[in-house]
Amino acid sequence: MPAAANRRAVAAILLVPLIATLALWAFAWPASRIAPRDLPVGVAGAAPAAEQMEKRFEQRPGAFEIHRYDDADAARTAIEDRVVYGAVVITGQGPQLLTASAAGPVVAQLLTEAVGSAAPPGTEVPVTDVVAAPKSDPRGSALGASILPLAIAGVAAGAVVTLLGLRGVRGIVALVGGAALVGIATVAVTDSWLGVLTGDWWTEAGAVGLTVLAIGAPVAGLAALIGTPGIGVAALLMVLLGNSFSGVTSAPELLPERVGILGQWLPPGAGGTLLRSVAFFDGNAWAAPTTVLAAWALFGLVAVLAGGRGSGRTESAARSTAGEREAALAG
C-alpha cells in the first residue's frame, strides 16, 4: 500500500509541471507569433493606382488575401458582411482606409500601420471605422475576456451533469436548460449592464447559450462514454486548446495558420466568432461558426443519450442477475 501511495505522489508531482508547461505553450506560443496570415483585405478603385496598392500588399508574401472592389460602397459592404477586415480605397485625393474595429481592434490597428507605411512619404491616410467597436469596450477587451468564463461554465455544466448521474433525457434537459440560462445571464451583464455588446439581445443570448452547450455537452458525453476521465479530456480540449486558439482577442488570421484554423473548429473559437457577428454585424457570416457549434452540441447530446441507454441496460441486467440469485437461494 505505501508503494502504491508513493507512485501516486510521484505521478502528481510530475503531472503538475507537465500541465503547467502545456498551458504555457498553448497560451504563450500563439500570442508570441501574432502576424497577418492570409488576412482578408480589400482594395477598391480604378487601375493602375489600385494595382499598385495591391502590389504593395503582395510585398509581404502570405500576409494578406486581396479582394478587389470597384468602389468604396462595394468595399464597405464587404466589410459589413465580414468578407474582409478592411479596405483601401484609391481616390483622386489619394488612398483612404476603411476598417472595422468591431471585427478586431488589433487588426484595425495593424491595417492602419500597414497602409500608412505603404503610402507616399508625408501622406496622411484618412481612416473611417465602418463598424466601430462599442464606446464602452473600444479595445474589445471585454469580449475577449468573456470566452474563458463561457468555456469554464460549459465544462462545469458537463461535470455537474456527470457527477449527479444525469443520463439520457434528464441529462439533455439539464444541459440545454443550463446553457440557456447562462446565455440569458451573460447577455444581461454584457449587453444590458456593461453595454459591450450592441446586437439583438435574444440573438446574443442564443449565441452564448449554443456556445456553452457545445462545450458542456461533449464534456458530459465523453464522460458517459469513457467514464469520469472524459471530463478531464474534454476540459483540456475546450479550455486549454479551445480558449487559447480561439483568436478572439486578435483574429484567427493573426495566429499561426494551423492554430487559427483549429481554433475555429473548436467551440470557444467558433462561439467567439458567432458572438462578434451577432453583436456587431447583424448576424452576417453566422453560418460557419453556428454549424461548428451545432455539430459539437449534437455529438455531446447523442453521447449523453447513448450513455444513458447503456447505463439503463447495465442496471437492468444487474437487477435481473440479483433476482436470479435470490430465486436460486430461495429454491
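Scroll up a little and you will see the structure.
Thresholds, definitions, all that
Residues numbered from 1 in each chain as written. Predicted model: local features only at pLDDT ≥ 70, side-chain atom pairs only at ≥ 80, totals over all residues. Heavy atoms only, no water. Helix = DSSP H or I, 4+ residues; strand = E, 2+ residues; numbered from the N terminus. Expected span 1.5 Å × (residues − 1). Buried < 20%, exposed > 50% of the residue type's maximum accessible area, 1.4 Å probe, protein only. Salt bridge = Lys/Arg side-chain N within 4 Å of Asp/Glu carboxyl O. Lys, Arg positive; Asp, Glu negative; His and termini not counted. Contact = heavy atoms within 4.5 Å. Pairing = 2+ DSSP bridges. Axes fitted to C-alpha atoms, helices over the stretch in contact; angles between N-to-C directions. Parallel < 35°, antiparallel > 145°, perpendicular 65-115°, else oblique. Left-handed = near helix turned anticlockwise from the far one by under 90°. Polar contact = N/O pair within 3.5 Å; in protein donor to acceptor, adjacent residues only side chain to side chain.

A word on helix H10 (residues 267-280). Taking 1.5 Å of rise per residue, 14 residues should cover 20 Å, and H10 covers 20 Å from first to last C-alpha, within 8% of that figure. With respect to burial, H10 is a largely interior element, 13 of its 14 residues being buried. A positive backbone phi angle near 55 degrees is found at Asp 282, which sits one or two residues after H10.

Overall, the coordinates contain one salt bridge when judged by the stated rule. Between Arg 68 and Glu 54 there is a salt bridge, with its nearest N and O atoms 3.2 Å apart. Residue Arg 68 is located in strand S2 (residues 64-69), and its partner Glu 54 is located in helix H2 (residues 49-58); the two are separated by 14 residues in the primary sequence. On the basis of relative accessibility, which here comes to 38%, the residue Arg 68 falls in the partly exposed class. For Glu 54, a relative accessible area of 17% gives the class buried.

Our focus in this paragraph is the side chain of Arg 82. With respect to the secondary-structure elements, Arg 82 resides in the loop between helix H3 (72-80) and strand S3 (87-91). Despite its burial, Arg 82 remains without a salt bridge, the nearest opposite charge being carried by Glu 253 at 7.2 Å. When residues no more than four places from it in sequence are discounted, the contact partners of Arg 82 are Ala 103, Thr 273, Arg 276, Ser 277, Phe 281, Asn 284 and Ala 285.

Once that is clear, we can look at the sheet that holds S3. The strand order across the open sheet built from five strands is S2-S1-S3-S4-S5, with neighbouring strands paired in mixed fashion. Each edge of the open sheet is held by one strand with a lone partner, namely S2 and strand S5 (127-129). Taken over all neighbouring pairs, the strand axes of this sheet differ in orientation by 25 degrees on average, direction set aside. Direction of pairing for S3 relative to strand S4 (residues 94-99): antiparallel, over a ladder of five bridges. Bridging from a neighbouring strand, Val 88 pairs with Leu 97 of S4. H2 rests against strand S1 (39-44), S2, S3 and S4 of the sheet, and its axis sits at about 170 degrees to S2. Relative to S4, helix H4 (residues 105-118) is tilted by about 170 degrees, and along the sheet it contacts S1, S2, S3, S4 and S5.

For the bond running from Ala 47 to Pro 48, omega is 5 degrees, close enough to zero to count as cis. Unusually for a residue other than glycine, Asp 38 sits at a positive phi of about 55 degrees. Mapped onto the secondary structure, Asp 38 falls in the loop between helix H1 (2-32) and S1. Here Asp 38 falls in the partly exposed class, since its relative accessible area comes to 35%. Phi angles above zero are rare outside glycine, and Ala 285 is one such case at about 65 degrees. Mapped onto the elements of the fold, Ala 285 is located in the loop between H10 and helix H11 (287-330).

Moving on to the packing of helix H5 (residues 141-163) against helix H6 (residues 168-193). Two elements in contact, H5 and H6, have axes separated by 10 Å at closest approach and are oriented at 155 degrees. The angle between H5 and H6 places the two elements in the roughly antiparallel class. Once H5 is placed against H6, the crossing between them reads as right-handed. Facing H5, whose interface residues are Leu 150, Ala 153, Ala 157, Gly 158 and Val 161, H6 presents Gly 171, Ala 174, Leu 175, Val 182 and Thr 186.

With that settled, the discussion passes to the side chain of Ser 246. Structurally, the position occupied by Ser 246 is in the loop between helix H8 (229-244) and helix H9 (257-264). Ser 246 gets classed as buried once you look at its relative accessible area, which sits at 4%. At a separation of 2.9 Å, a polar atom in the side chain of Ser 246 contacts the main-chain carbonyl oxygen of Asn 243. Beyond its immediate stretch of four places on either side in the chain, Ser 246 contacts Pro 252, Gln 264, Pro 268 and Gly 269.

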